[in-house]
Amino acid sequence: MPKMKTHRGAAKRFRKTATGFKHKQANKSHILTKMTSKRKRHLRGMEGVAAADVPSLRRMLPTKAR
């Protein structure tokens, strides 16, 4: 049986927490001058992953899923 490989794209985008996974919010990479300060502030930080996506993340990140 070969080793289980980590999906490198998913490893860069998702972090494992005690209760599940979290990810960075979208629309915060460029063209931020036209966006209001309130909008940028609310996009700060990490957000939880939807429950429907957790099983596929567990498959993509086998070492972090335990």
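Residues numbered from 1 in each chain as written. Predicted model: local features only at pLDDT ≥ 70, side-chain atom pairs only at ≥ 80, totals over all residues. Heavy atoms only, no water.

Taken together, 3 strands build an open sheet; the order of strands is β1-β2-β3 and the sheet is antiparallel. Edge strands, defined here as strands with exactly one partner in the open sheet, are β1 (14–16) and β3 (46–48). For this sheet, the mean inter-axis angle between neighbouring strands, taken without regard to orientation, is 35°. In terms of strand pairing, strand β2 (residues 21–24) meets β3 through 3 bridges, oriented antiparallel. Looking at the pairing, His23 lines up with Glu47 of β3. (Pairing = 2+ DSSP bridges. Helix = DSSP H or I, 4+ residues; strand = E, 2+ residues; numbered from the N terminus. Axes fitted to C-alpha atoms, helices over the stretch in contact; angles between N-to-C directions.)

Moving on: the side chain of Gln25. Here Gln25 lies in the loop between β2 and α2 (37–42). If sequence neighbours within four positions are ignored, Gln25 has contacts with His42, Leu43, Arg44, Gly45 and Glu47. (Contact = heavy atoms within 4.5 Å.)

Each pair of aromatic rings is reported with the distance of its centres and the angle of its planes. Applying the stated rule across the entire model yields 0 aromatic pairs. Taking NZ or CZ as reference, Lys16 lies 5.4 Å from the ring centre of Phe21, over its face. (Phe/Tyr/Trp six-rings, centres within 6.5 Å; stacked < 30°, edge-to-face > 60°. Lys NZ or Arg CZ within 6 Å of the ring centre and 35° of its normal.)

Counting residues in hydrophobic clusters, the biggest one holds 7 residues: Ala10, Ala11, Phe21, Val49, Val54, Leu57 and Leu61. Counting only elements with at least two residues in this core, the list comes to α1 (8–13) and α3 (54–60). Setting aside residues no more than four positions away along its own chain, Val49 makes contact with Phe14, Phe21, Lys22, His23 and Leu57. (Core = buried A, V, L, I, M, F, W, Y, C linked by side-chain atoms within 4.5 Å. Buried < 20%, exposed > 50% of the residue type's maximum accessible area, 1.4 Å probe, protein only.)

Backbone geometry places Asn27, a non-glycine residue, at a positive phi of 65°. Within the secondary structure, Asn27 is located in the loop between β2 and α2. For Asn27, a relative accessible area of 54% translates into the label exposed. A positive phi angle, close to 55°, is found at Ile31, a residue other than glycine. Tracing the chain through its elements places Ile31 in the loop between β2 and α2.

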